[in-house]
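# Structural overview for review
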2 protein chains.
Amino acid sequence: MTFKYNNVYINEVSTITGPKEGEGPLSKFFDKSYSEYYMGSDTWEQAEIKMNTENIDLLLNKSNKSKKDVDIFISGDLLNQIVASSYAASTLNIPYMGIYSACATSTEGIIIASNMIEGGLINNSVVNVSSHNNASEKQFRYPVEYGGPKPVTQTFTVTGSASALISNKKSNIKVESATLGKCIDSGVKNVFDMGSVMAIAAADTIDKHLKDTKREIGYYDLILTGDLGMYGKNLLKDVLKDEYGYDTRNVDDSACMIYDINKQSVYAGGSGPACIALVTYSYILNLMRQGKLNRVLMVATGALMNPTMVNQKLSIPSIAHAVSLEVIS
Amino acid sequence: MTFKYNNVYINEVSTITGPKEGEGPLSKFFDKSYSEYYMGSDTWEQAEIKMNTENIDLLLNKSNKSKKDVDIFISGDLLNQIVASSYAASTLNIPYMGIYSACATSTEGIIIASNMIEGGLINNSVVNVSSHNNASEKQFRYPVEYGGPKPVTQTFTVTGSASALISNKKSNIKVESATLGKCIDSGVKNVFDMGSVMAIAAADTIDKHLKDTKREIGYYDLILTGDLGMYGKNLLKDVLKDEYGYDTRNVDDSACMIYDINKQSVYAGGSGPACIALVTYSYILNLMRQGKLNRVLMVATGALMNPTMVNQKLSIPSIAHAVSLEVIS
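Counting from 1, residues in each chain are numbered in the order their sequence is written. Naming scheme: in the order in which they are written, chains are lettered from A and ligands are numbered from 1. Predicted model: local features are reported for residues with pLDDT of at least 70 only, side-chain atom pairs are reported and counted for 80 or more only, and whole-chain, interface and lining totals are derived from all residues. In computing side-chain properties, one takes all heavy atoms of the structure into account and sets aside hydrogens as well as water.

What follows covers the overall build of chain A. A run of DSSP states H or I qualifies as a helix once it reaches four residues; a run of E qualifies as a strand once it reaches two. Both are numbered from the N-terminal end. Secondary structure summary: chain A contains 9 helices and 15 strands in total. As a reference, a globule follows 2.2 Å times the number of residues to the power 0.38, and the radius of gyration itself is taken over C-alpha atoms. The C-alpha radius of gyration of chain A comes to 18 Å, within 12% of the 20 Å expected for a compact globule of 329 residues. Put simply, 77% of the contacts in chain A that link residues at least 6 apart link residues at least 24 apart. Accessible area of chain A: about 10800 Å², with a carbon and sulfur share of 46%. We treat Lys and Arg as the positive residues and Asp and Glu as the negative residues; His and chain ends play no part in the count. Here the site of a charge means NZ on Lys, CZ on Arg, CG on Asp, or CD on Glu. For chain A, the distance from the average position of its 30 positive side-chain charges to the average position of its 34 negative side-chain charges is 4 Å. Whether two residues are in contact is decided by their heavy atoms, any of which lying within 4.5 Å being enough. Only the protein chains shown count as cover for residues, with accessible areas throughout obtained via the Shrake-Rupley method and a probe of 1.4 Å.

Copies are brought into register by a least-squares superposition over C-alpha atoms of residues with pLDDT of at least 70 in both. Superposing chain B onto chain A requires a rotation of 180 degrees together with a translation of 0.0 Å along the rotation axis, leaving an RMSD of 0.0 Å. In symmetry terms, the pair is related by a two-fold rotation axis.

All names here are of chain A. Position of Thr15 among the secondary structure elements: in strand 2 (residues 9-17). Taking the C-alpha atoms as reference points, Thr15 and Tyr281, separated by 266 residues in sequence, lie 7.3 Å from one another. Discounting residues that sit within four places of it in the chain, Thr15 has contacts with Phe29, Phe30, Asp31, Lys32, Asn55, Ser161, Ala162, Leu278 and Tyr281.

Let's shift gears to the packing of helix 6 (residues 194-213) of chain A against helix 7 (residues 229-242) of chain A. Residues and elements named next belong to chain A. To obtain each axis, a line is fitted to C-alpha atoms, and for helices this fit is confined to the stretch in contact; angles are then taken between N-to-C directions over 0 to 180 degrees. Where helix 6 meets helix 7, the closest approach of the two axes is 8 Å, and the angle between their N-to-C directions is 35 degrees. Considering how the two elements wind past one another, helix 6 and helix 7 form a crossing that is right-handed. Between helix 6 and helix 7, the residues in contact are Gly195, Ser196, Ala199, Ile200, Ala202, Ala203 and Ile206 and Gly232, Leu235, Leu236, Val239 and Leu240, respectively. Gly is placed with the polar residues, together with every amino acid not listed as nonpolar (Ala, Val, Leu, Ile, Met, Phe, Trp, Tyr, Cys and Pro) or charged (Asp, Glu, Lys and Arg). Taken together, the residues of the contact of helix 6 with helix 7 sort by class into 9 nonpolar, 3 polar and no charged. Each crossing gets its hand from how the near helix is turned against the far one by less than a right angle, where anticlockwise is left-handed and clockwise is right-handed.

This paragraph deals with unusual backbone geometry. You will see that Lys214 of chain A, though not glycine, has its phi angle at about 55 degrees, which is positive. Tracing the sequence through the fold places Lys214 of chain A in the loop between helix 6 and strand 11 (222-225).

Listed below in structure tokens is the structure:
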């Protein structure tokens, strides 16, 4: 399902990260980075909630808006019952929609907001995502204190909160169109190789978007996937080339940009819903504002993994949603 | 945030339940009820997935539609990472939005779909919710085999899947307006009294809806909350009367209707996202089609509870979203 927008813009963004992102190559583009994982809170979960509440305050300050100016708060994260979003929402006093699409949550949120803005139902929305490495590891795998070794195809969940104010008020970054993806069961059961799980969904959504918009792949200066990691990115490029016949020179992956994979002990790269949102809202928007990129397809990718279903030997479904961002004058 | 719709209708609904709902007072209104909790699947989680896939097939059959006719599938449930929805979505080949608002998920889904239909972005959507008693108990509390006693304020999670086809094609049931609620921290930490947690959010959303639409409470033939249970329903009525000054004679609660509370060992009544959706899509729509109810405000209520946060001694946030349904000729 592809949507075309004439009246939707990103007005402002804000980003807060954890320590490893703050030591990474994109460090200077983030609004704030904490030097340790508790961030002054008692628990990792509460640290993630704190990042969200702080980050939304920051976004509203940067936008010269107050909470009552915001029509809808849309948010999701990786914690069970998306509590990093809901507990943040309980401090905001803004009508709230909770969403879950694993690491594809950021673009699901942008699509919901953009559809309501384009349709004239709302004027604006704050769309937020977060993830926290230690809280995620504890919930999905083992507490990090366990210190278990991991295979090279594993990714490192990004710690951070990324927010965007999206509205019908013109800015230089337009949300030009979007494609809502389908949930795909690729048959993969390897919980340590989410990149391969998601690559199939990413290829499907990219192809659907290009066909629906009747565009060549070269229309975009950059097609940026969410968190495939080194191995998933290579698989995506192979699939796009061999199965769909695309030239993939403009395809890159946020997971391979947010960290220095060779130096930072992050296995195959970053992951988590915050990964592509942090990279896009900081580094990529900066390149767009400098005129170095004009058209970017943001393709957040989610592995809808649940440890109970993995233990029941079910394969892991995946999904990808694409949002086209364009610089306008 | 209140939305007014001129062009949104419920075209068809379908309902599948577990055994206790099939033995309850609304039994004859459901499309199908299983006589035991596994439903031919190996696990309770897979039984919930099966209910969803079967129920969506049933909905499409009743509607004379095929999967490719559906623009968007919107779904949520109580399982971690909403897997009952996502694994069902992976069999559908329909663009998918995962949502989470605990037991307020049904009306969040209707609002997202209605906004996109009213705005002209899509023509139709299948909106689905589910819950499964044994899968929920295992995840949020203890496996049912444990047989632990429960306090009287506890509710019994409904087993069922409830789907609606919503579109811009006129039918006799109009989605007339809706109010998206705010997430409210009521300060309650008692995980065995979710009804009291949610009553505050329900009162806030009902009041907001009536003020935004400039309606008296008597405008509605029925204001139906989601799953407050006996104690929560009484608290809601007290709050609406004492704090807001409303006459509450038309306020009732789905949790008190889906079971015979005196005979069925369900403590304070039903709960779960399927509770209000099953009651509305079966019994209430039947009364509306018979002309016995003309205007119904469906107020799904969610306690955004997470065992990890409860163990960390945080209070439980809650939310309620309201949808106004009207019979039209």
